[in-house]
Amino acid sequence: MTAEATPQNMNNAPDWLAALPPLRGKLMPDVVLGDICWFRVGGSADIVFMPADAEDLSTFLAALPRHVPLTVLGAGSNVLVRDGGIRGAVIRLGAAFGEITQTDETALMAGAAALDVRVARAAAEASIAGLAFYRGIPGAMGGAVAMNAGAYGGETRDVLVEVEWLDRDGEHHVSAVDALDLSYRHNGHEGFKVYTAVRLKGARGDKAKILAAMEEISDKREDSQPVKARTGGSTFKNPDGTSPDGLKAWKLIDAAGCRGLRVGDAQVSEQHCNFLINHGVATAADLEALGESVRQRVHDTSGVDLHWEIKRMGEARA
Ligand SMILES: Cc1cc2nc3c(=O)[nH]c(=O)nc-3n(C[C@H](O)[C@H](O)[C@H](O)COP(=O)(O)OP(=O)(O)OC[C@H]3O[C@@H](n4cnc5c(N)ncnc54)[C@H](O)[C@@H]3O)c2cc1C
């Protein structure tokens, strides 16, 4: 079932749904997460909730029994959902959280479901410089904050002023960027939270120059990354973060002889060997086993332990 549903009219609904009050958003049982994540793998979520707005989300969180596990998904471009799916409730923000508004000469407000590329375009239209790096990142703003997404010398913590979020009880908060403890692909903001909106700040810029920088970023990506493949982006963090002279995960993977390595239909990209690719019928188990094999080989050849950047979630198939 993918249409709006109330707890009362779902078949095989989990018992806890009966505890929920009427909601204006969509409650969808048995959603195959492989259909909405970039890798195109992953089992079903018991329930996906797409709130109508922040108030609806707050009502849902406040009423949801405490024993029900909760997961948040954005555009699904940095996750590997396991084949057995996700128990409990998955929150996914939709178009209601996709608005982007210019708030002054150099600032934008964006909903957490606004795609990074739309934010980059809106900033360019408003002649706001500093956000062009979002041009090639295929996630949404909530995921950008959760991952401190960045590229080509820019990252979210450089442009984020504050973020609006709801906690596990549905309480609304606004936190300044410093409270999130953002570092290279890391967010140190403790506890469960759903980011709902961000305030971003750039600098006054020249629209033509910003658009040219975005074009350049787009071309570079097409040349160097399998951007049209079923992938999850960079699989492992660079051991030395963003340091220009530091160890790069792709170099270690290449030196360990893993370029092109396969497990079933899962392969280490020939084009960029820190990307894993699903050629069509790979399972999440294939992709995870391939990633673990890469980690082992890199450890054996260089002594370095790579850490997953991709967020693995859910259960293995029984
Ligand atoms: C082809 C390709 C290229 C990529 N290039 C880059 C790159 O250059 N730089 C880069 O940094 N990343 C890159 N990525 C990875 C990915 O796009 C980013 O990490 C992105 O920010 C993830 O956003 P998302 O909305 O897809 O989040 P998801 O993948 O859905 O989720 C990622 C994490 O964020 C959490 N999350 C998502 N939304 C919310 C929310 N509203 N509130 C709380 N938590 C939330 C999830 O729980 C999960 O832990 C690339 C991925 C692909 C497929």
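Residues numbered from 1 in each chain as written. Predicted model: local features only at pLDDT ≥ 70, side-chain atom pairs only at ≥ 80, totals over all residues. Heavy atoms only, no water.

A. Main features of the pattern of salt bridges. Applying the stated criterion across every chain, the model contains 18 salt bridges. Across the salt bridge formed by Lys-228 and Glu-222, the nearest N and O atoms sit 3.5 Å from each other. Using a relative accessible area of 71% as the deciding quantity, one classes Lys-228 as exposed. The network of salt bridges with common partners includes Arg-82, Glu-288, Glu-292, Arg-295 and Arg-312. (Salt bridge = Lys/Arg side-chain N within 4 Å of Asp/Glu carboxyl O. Buried < 20%, exposed > 50% of the residue type's maximum accessible area, 1.4 Å probe, protein only.)

B. Structural context of the packing of helix H2 (residues 116-125) against helix H5 (residues 207-224). Two numbers describe how H2 lies on H5: the axes approach to 8 Å, and their chain directions differ by 155°. Overall, the two elements H2 and H5 adopt an arrangement that is roughly antiparallel. From H2, Ala-120, Arg-121, Ala-124 and Glu-125 reach across to H5, where they touch Lys-207, Ile-210, Leu-211 and Met-214. Residue composition of the contact of H2 with H5, grouped by class: 5 nonpolar, no polar and 3 charged. (Axes fitted to C-alpha atoms, helices over the stretch in contact; angles between N-to-C directions. Helix = DSSP H or I, 4+ residues; strand = E, 2+ residues; numbered from the N terminus. Parallel < 35°, antiparallel > 145°, perpendicular 65-115°, else oblique. Contact = heavy atoms within 4.5 Å. Nonpolar A, V, L, I, M, F, W, Y, C, P; charged D, E, K, R; others polar.)

C. Structural detail: the site of the ligand. Not every one of the 32 residues close to the ligand is listed here, only the nearest: Val-72, Gly-74, Ser-77, Gly-150 and Arg-221. One nitrogen or oxygen atom from the main chain of Ala-144 is found 3.5 Å from an oxygen atom belonging to the ligand. Relative to its free-state accessible area of 970 Å², the ligand is covered by the protein chains to the extent of 93%. Sorting the residues of the shell around the ligand by element identifies strand E3 (70-73), helix H3 (141-147), strand E9 (150-151), strand E15 (194-201) and strand E17 (230-234) as the ones contributing at least two each. When residues in the shell around the ligand are grouped by element, the largest group, 5 residues, is from H3. Here the shell around the ligand is built from residues that sort into 16 nonpolar, 12 polar and 4 charged. (Near = heavy atom within 4 Å. Polar contact = N/O pair within 3.5 Å; in protein donor to acceptor, adjacent residues only side chain to side chain. Areas by Shrake-Rupley, 256 points an atom, 1.4 Å probe, with all protein chains shown as cover.)

D. Structural detail: the domain arrangement of the protein. Here the domain parsing of the protein yields domain 1 (7-92), domain 2 (97-210) and domain 3 (226-313). Using only C-alpha atoms to locate each centre, domain 2 and domain 3 end up separated by 27 Å. Contacts between domain 2 and domain 3 engage 4 residues on the former and 6 residues on the latter. Carbon and sulfur atoms supply 61% of the area buried between domain 2 and domain 3, which totals about 510 Å² over both sides. The largest contributions to the domain 2 side of the interface with domain 3 come from Met-147, Tyr-184 and Arg-185, which together make up 91% of the buried area. Two residues, Arg-185 and Glu-309, come together in a salt bridge whose shortest N-O distance is 3.9 Å. On inspection of domain 2 and its partner domain 3, the count reaches 2 residue pairs in polar contact (both at pLDDT 80 or more). For the side of domain 2 that touches domain 3, the residue count by class is 2 nonpolar, 1 polar and 1 charged. (Domains from an automatic or database assignment. Buried area = accessible area lost by both parts, 1.4 Å probe.)

E. Quick look at the nonpolar core. Within the largest apolar cluster, 32 residues are counted, with the highest numbers of intra-cluster contacts made by Val-119, Leu-131, Tyr-134, Met-141, Leu-160, Val-198 and Leu-200. When contributions to this core are tallied by element, the ones reaching two or more residues are strand E7 (107-111), H2, H3, strand E11 (160-166), E15 and H5. When residues of this core are assigned to their parent elements, the largest contribution, 4 residues, is made by H2. The residues touching Val-119, leaving out its near neighbours within four places in the chain, are Ile-100, Leu-108, Ala-110, Ala-114, Leu-131, Tyr-134, Met-141 and Leu-200. (Core = buried A, V, L, I, M, F, W, Y, C linked by side-chain atoms within 4.5 Å.)

F. Summary view of H2. Asp-116, Val-117, Val-119, Ala-120, Ala-123 and Ala-124 are the residues of H2 that are buried. One side of H2 carries all its buried residues, which in axial view fall inside an arc of 160°. Packed against the buried residues of H2 are strand E6 (100-104), E7, strand E8 (128-129), H3, E15 and H5. Positioned one or two residues after H2, Ser-127 has a phi angle of 55°, which is positive. (Arc of directions from axis to C-beta.)

G. Quick look at the sheet that holds E3. Spatial ordering of the open sheet is given by E1-E2-E5-E3, a layout of 4 strands whose pairing is mixed. Both outer strands of the open sheet, strand E1 (26-32) and E3, are each paired with one neighbouring strand and no more. The mean angle between the axes of side-by-side strands here comes to 30°, regardless of whether they run parallel or antiparallel. Sheet topology places E1 next to strand E2 (residues 44-50); 6 bridges connect them, and they run antiparallel. (Pairing = 2+ DSSP bridges.)

H. Summary view of helix H1 (residues 54-63). Every buried residue belonging to H1 is among Asp-56, Leu-57, Phe-60 and Leu-61, and all of these are buried. Across the axial projection of H1, the buried residues extend over an arc of 135°, all falling on one side. On its buried side, H1 packs onto E1, E2, E3, strand E5 (86-92), E11 and E15. Where H1 begins, the side chain of Asp-53 points an oxygen toward the backbone nitrogen of Glu-55, at a separation of 3.2 Å.

I. Structural view of the state of the cysteines. Per the counting criterion, the structure on display carries 0 disulfides. Among the cysteines around Cys-258, which has no disulfide bond, Cys-273 carries the closest sulfur, lying 7.9 Å off. Residue Cys-258 is classed as buried on the basis of its relative accessible area, which comes to 0%. Residue class for Cys-273 comes out buried when judged on its relative accessible area of 2%. (Disulfide = S-S within 2.5 Å.)

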